[in-house]
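What follows is the residue order along each chain.
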Amino acid sequence: MSLFGIEIGKKSIMSQQMALEVTGHNVANANTEGYTRQKANLTTTRPYHTPVLVSSGKAGQLGTGVTVKDIQRIRDSFLDDQIRNENKRSGYWNAVYDALAKIEVILNEPSEDGLRSVMDLYWKAWQDLVAHPESEAVRATVVQRAMAMADTFNHTYKQLKELREDVNASIAIKVVEINSIIQQVADLNQQILAITIAGKQPNDLLDRRDLLLDQLSRLISVNIVQETNGMVAVQMGGRTLVQGVEYYELSTVQDIYGMHMVVWKDTGVRAVIEGGELKGLLDVRGKTDRPEEPDPSPYREIVPEMIDQLNALAKTIVLRTNELHRNGFSLNNQTKFPDGINFFNAPATLADIDAIKNWAEYISVNRDIASDPKNIAAAAYRTWDDSTGILQKYNFGDGANALRIAQLKHDFNAVYVWAETPKLGAVLPFPYAGLGGDMEVFYKDSGGNLVSQVISLDTAGITPSPVFRDLAELAGFIQQKLQEDPVLKANNVKIEVLCSGDKLVFKAGESFTAVSVNLLKDGNPVTSFNINADYSLTGVIKHVTGDDYWRAITANKGVQTAEAKRMVESQEILLNQLETKRQSISGVSLDEEMTNMIKFQHAYNAAARYITAMDEALEVIVNRLGLVGR
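All of the points below concern the structure found in this document. Values in this document were obtained by computation on a predicted structure and should not be read as measured data. (Residues numbered from 1 in each chain as written. Predicted model: local features only at pLDDT ≥ 70, side-chain atom pairs only at ≥ 80, totals over all residues. Heavy atoms only, no water.)

**So, a nonpolar patch on the surface**
No. 1: Judged by side-chain polarity, I621, V622 and L625 come together as a nonpolar surface patch covering roughly 310 Å² of accessible area.
No. 2: Position of I621 among the secondary structure elements: in helix 15 (residues 590-623). (Patch = residues over 30% accessible without salt bridge, like charges linked within 9 Å, V, L, I, M, F, W, Y side chains within 5 Å. Areas by Shrake-Rupley, 256 points an atom, 1.4 Å probe, with all protein chains shown as cover. Salt bridge = Lys/Arg side-chain N within 4 Å of Asp/Glu carboxyl O. Helix = DSSP H or I, 4+ residues; strand = E, 2+ residues; numbered from the N terminus.)

If you want it as structure tokens, here you go:
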């Protein structure tokens, strides 16, 4: 009899105790995020004795007990790869949906407080002014509706700008978060390497690292490579984030507007972000004004596009309203020339107009209009007359120019160019009788060839001979001559003649290139001018009404938001399914652990009872053997 049996019992107790400890560790971490269920793998120890050439003849081999071979993490790496691949999509669409939902709140369409309703009230105020152009109350309403619309544009622009700034701040925060994660991954790589070299299983450290990699995959699209020494390499956009114990941080540099561009900290080169929450934020905010940014933009430009569309609508309303307002007469205008003042504030030159980018922020009512609504140029012709030698009200009931402005609501905003004459206030003799002369219109025909057409302005053959009492009447006569010309009709050259204070404006499609005008009075020269149609507008809406344009924008944003929401929900369902599958493999089941606990406890008790039995047997040999006959 030897101590061999007690050694077997000792190994059994120690192994079952370790299995119980692993079970307890599982139970303790049942609700720990990222924890992977562990299992103590039991195996038999080397048997006794080893076969040799000369056998003792004893039965063999004889088992020597049990030991814990290793403590295994129950993990499916394929599921990890799937979850991380879907994480980047989930992070991306959550970032996009969050921004689009905020844009929907900002636009607040359809509602009584939305921009569309405010614009409708603005156009309705002009329509009311058509019926009551002499009413100061109606004029005041036009001013108030215009100011309300301008305020709505201003407020919407401000909210979109603040949203972009908030997203921009989030980009910088996400870069800091990414750097923190990759630094922790590199630190864990070092610890895992040290434990792996010692022949141990760093299970809890692996859990912590896998959890960090899951979090990182939601922020950016990464490629994770498992190395043979237990460490991982993490790559992003063709460059390495983590390699062993080394890590390479991201950083940001700002443009003149404070927008962050994501770069590699060591080289300053723009980082390529291909997925995840950071990519979603970049798509929402758009590219920076840094010269390193590629053109065209690699991002969706969600908020910048919305701002540009809002600016285009505001610019179109401002310039088109001003264009017609300069053509009209106010109740305070006692001259024979239109007021020539803008309804909304705007620069005087085309270069200055195009220099303004954010019209939704800039739009505001002209102070002269706001302080005195009688300065609204609602009339198409002069409102005071002095033909009798006494200045008196003449045309206060004229709302024709207000009607043209009200009709802008349904205007399709065709593309056009225009030519503007010099100031004519000092040279035109009103009342203007005996008009003579001609004009030559230059345009491109359907083949692209530059041609011209001469049109007579002679009134000698007209009975009764017309007398033009103001610039608007003269412009109307020139307009009529242009419309009646058969050659221009055949070539579909439609030229509109407007006034802008004491200037004439010739406005037409892009085929119109120039006009030359020679005006006579009773055969004597009055003035002549040659002007090129080199004015055109950029950054305005084209070939669509303002109302339809805004409807399309809001509808499109609604569709984008619904699509983003659908993708978020779809990704959540998919991730939940994958996570459920992972938990079925790696998660802790308390019922299963309780079963294991009872199993290992019984085995432990049995081993203890076995040792007691062996001890009793030895006690008989030691203390009782040989006592007979003494």
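**Focus: the side chain of R320**
No. 1: Looking at the secondary structure, you find R320 in helix 7 (residues 302-325).
No. 2: We classify R320 as buried; its relative accessible area is 10%.
No. 3: The residues contacting R320, other than those within four sequence positions of it, are L408, D411, N413, Y416 and K507. (Buried < 20%, exposed > 50% of the residue type's maximum accessible area, 1.4 Å probe, protein only. Contact = heavy atoms within 4.5 Å.)

**Quick notes on the side chain of K557**
No. 1: Within the fold, K557 resides in helix 14 (residues 546-586).
No. 2: For K557, a relative accessible area of 2% corresponds to the buried category.
No. 3: With residues near it in sequence (within four places) discarded, K557 still touches L100, I103, E104, L107, I302, E305, M306 and Q309.

**A word on the sheet that holds strand 17 (residues 503-508)**
No. 1: Here we have four strands laid out as an open sheet, ordered 16-17-11-20, and antiparallel in their pairing. With one partner strand each, in any of the chains shown, strand 16 (495-500) and strand 20 (535-536) form the two edges of the open sheet.
No. 2: As judged from the four bridges shared by strand 11 (residues 417-420) and strand 17, these two strands associate in the antiparallel manner. Within the sheet, the bridge partner assigned to A419 lies in strand 17 and is F506.
No. 3: Packing against the sheet, helix 12 (residues 471-484) makes contact with strand 16 and strand 17, and its axis sits at approximately 170 degrees to strand 16. (Pairing = 2+ DSSP bridges. Axes fitted to C-alpha atoms, helices over the stretch in contact; angles between N-to-C directions.)

**So, helix 5 (residues 203-219)**
No. 1: When the terminal C-alpha atoms of helix 5 are compared, their 25 Å separation across 17 residues agrees well with the 24 Å that a helix rising 1.5 Å per residue should span.
No. 2: With 12 of its 17 residues buried, helix 5 lies for the most part within the structure.
No. 3: When helix 5 is considered as a whole, its buried residues turn out to be N203, L205, L206, D207, R209, D210, L212, L213, D214, L216, S217 and L219. (Expected span 1.5 Å × (residues − 1).)

**Quick notes on the packing of aromatic side chains**
Aromatic ring pairs are reported here in terms of the distance separating the ring centres and the angle at which the planes meet.
No. 1: A complete count under the given rule lists 12 aromatic pairs for this structure.
No. 2: Their ring planes at 85 degrees and their centres at 5.2 Å tell us that Y92 and W93 sit as a pair that is edge-to-face.
No. 3: Relative to W418, the ring of Y416 has its centre 5.9 Å away and its plane inclined at 45 degrees; by these criteria the two rings are tilted.
No. 4: Judged by relative accessible area, which is 11%, Y416 ranks as buried.
No. 5: Aromatic rings pair up to connect Y122, W123, W126, F343 and F344 into one cluster.
No. 6: In this structure, R239 packs its charged tip against the face of Y248, placed 5.8 Å from the ring centre.
No. 7: We note R239 situated over the ring of W264; from NZ or CZ to the ring centre the distance is 4.3 Å. (Phe/Tyr/Trp six-rings, centres within 6.5 Å; stacked < 30°, edge-to-face > 60°. Lys NZ or Arg CZ within 6 Å of the ring centre and 35° of its normal.)

**A look at unusual backbone geometry**
No. 1: P296 follows D295 through a cis peptide bond whose omega is 5 degrees.
No. 2: Topologically, P296 is positioned in the loop between helix 6 (276-285) and helix 7.
No. 3: You will see that N108, though not glycine, has its phi angle at about 55 degrees, which is positive.
No. 4: Counting through the fold element by element, N108 comes out in the loop between helix 2 (77-107) and helix 3 (115-131).
No. 5: By relative accessible area, which is 34% here, N108 ends up partly exposed.

**As for the nonpolar core**
No. 1: Judged by nonpolar contacts, the single largest core of 102 residues is most densely connected at W126, F153 and F344.
No. 2: Setting aside chain neighbours within four positions, we find W126 in contact with V142, T321, H325, F343, I376, A402, I405 and A406.
No. 3: By size, the runner-up hydrophobic cluster in this structure holds 35 residues, among which are L424, M439, L471 and L482. (Core = buried A, V, L, I, M, F, W, Y, C linked by side-chain atoms within 4.5 Å.)

**What to know about helix 1 (residues 4-28)**
Spacing of three or four residues puts side chains on the same side of an α-helix, whose turn is 3.6 residues.
No. 1: Between its first and last C-alpha atoms helix 1 spans 36 Å; for 25 residues at 1.5 Å apiece the expected length is 36 Å, and the two agree.
No. 2: Burial in helix 1 covers these residues: G5, G9, S12, I13, S15, Q16, A19, V22, T23 and N26.
No. 3: Those residues of helix 1 hidden inside the fold are in contact with strand 1 (38-44), strand 2 (66-73) and helix 15.

**Some thoughts on the pattern of salt bridges**
No. 1: In total, this model carries 38 salt bridges according to the counting rule given.
No. 2: Two residues, D210 and R73, come together in a salt bridge whose shortest N-O distance is 2.8 Å. Of the two residues, D210 is situated in helix 5 and R73 in strand 2; the sequence distance between them amounts to 137 residues. Considered together, D210 and R73 belong to a single accessibility category, that of buried residues.
No. 3: Close ionic contact of R404 with E496 constitutes a salt bridge, the shortest N to O distance being 2.3 Å. Taken as a pair, R404 in helix 11 (residues 400-406) and E496 in strand 16 lie far apart in primary sequence, 92 residues in all.

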